[in-house]
Amino acid sequence: MRRRPAARRQGGFSLIEVNMALLVAAGGMLSIFGVFPGALRQSMNAQADTVQVTFASSLLETISANVRAIDDIAIWNDPGSWWQVAVNDTGIDTSLMGMSSFRSSSRFSEMTRTIVEDYTSADFGNDEPCQVWYVGEEEEEAPSIPNSNRLITPAQYLIRVVRILRPLREVTSNSANADDPANLNTSEDDTTILPHRYIVTVVSTDQAFPATYIREQVFSQEFSFLHRP
């Protein structure tokens, strides 16, 4: 009598094994996807930081190069004239806004005003009086930049211009120092107008208004008058 061959066992996975495998795979995928939001946020923050650093450094370097050419102390000591020379051919507004106008202006949000508004003379290293002006933009979208502009401005930026006043100084016959009276304006009563100092502070964000400044970086640079021989 011939025996029937034993039925071969069919290979495969049970339903429980399949479910366990799917569970393990889903857990792994969730862990991987959980990393994406943090990496994306860091990438966006790094891009925003790059925009701010590029704008501030380009602006301050341009101002430094432009004002270096000022030989007339009268132009240097007049904030409006100084600023026009400083931001020539940059696309930045050449008009300055006084502190009282700045505080009541609707051009800037409350968040923007609190970033660089507060100051005292002591903050700038001396007790000499200061005068402060502001200029900036808060656009609902990134501004379009003509090809003639040298700087690419971010969606929101604020620039504070502080002029530190230096009083008139009496001139004597033996006064020979860094502030050579021969290079300055001397009046009939033997006094000379000393060149004032300017401190320019920049803060910006690539987010369009009404988004507020996040992790704002404040950049500042001081400018002094260079005498010509």
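The text that follows walks through the structure, step by step, so that each part is easy to find. From a predicted model like this one, the values you see are computed outputs, not experimental measurements.

The subject of this paragraph is the environment of Ser64. Here Ser64 is to be found in helix α1 (residues 15-67). It is 9.2 Å that separates the C-alpha atoms of Ser64 and Glu222, two residues lying 158 residues apart in sequence. If we ignore the near neighbours within four places in the chain, the residues touching Ser64 are Gln221 and Phe223. At 2.9 Å, the side chain of Ser64 and the side chain of Arg68 are in polar contact.

All of the buried residues along helix α3 (residues 79-86) are Pro79, Trp82, Trp83 and Ala86. Each buried residue of α3 lies within a common arc of 95° when the element is viewed along its axis, so the set occupies one face.

Hydrogen bonding along the main chain pairs the strands of a sheet, whether they run parallel or antiparallel. Strands sit in the order β1-β2-β3-β6-β7 across an open sheet of 5 strands; the sheet is antiparallel. What marks the edges here is a single partner per strand, and that holds for β1 (97-98) and β7 (218-223). Where β1 lies against strand β2 (residues 130-138), 2 bridges are found, and the strand directions are antiparallel. When the sheet's bridge partners are listed, Gly98 is paired in β2 with Trp133.

Each value, and the rule that gives it
- Residues numbered from 1 in each chain as written.
- Predicted model: local features only at pLDDT ≥ 70, side-chain atom pairs only at ≥ 80, totals over all residues.
- Heavy atoms only, no water.
- Helix = DSSP H or I, 4+ residues; strand = E, 2+ residues; numbered from the N terminus.
- Contact = heavy atoms within 4.5 Å.
- Polar contact = N/O pair within 3.5 Å; in protein donor to acceptor, adjacent residues only side chain to side chain.
- Buried < 20%, exposed > 50% of the residue type's maximum accessible area, 1.4 Å probe, protein only.
- Arc of directions from axis to C-beta.
- Pairing = 2+ DSSP bridges.

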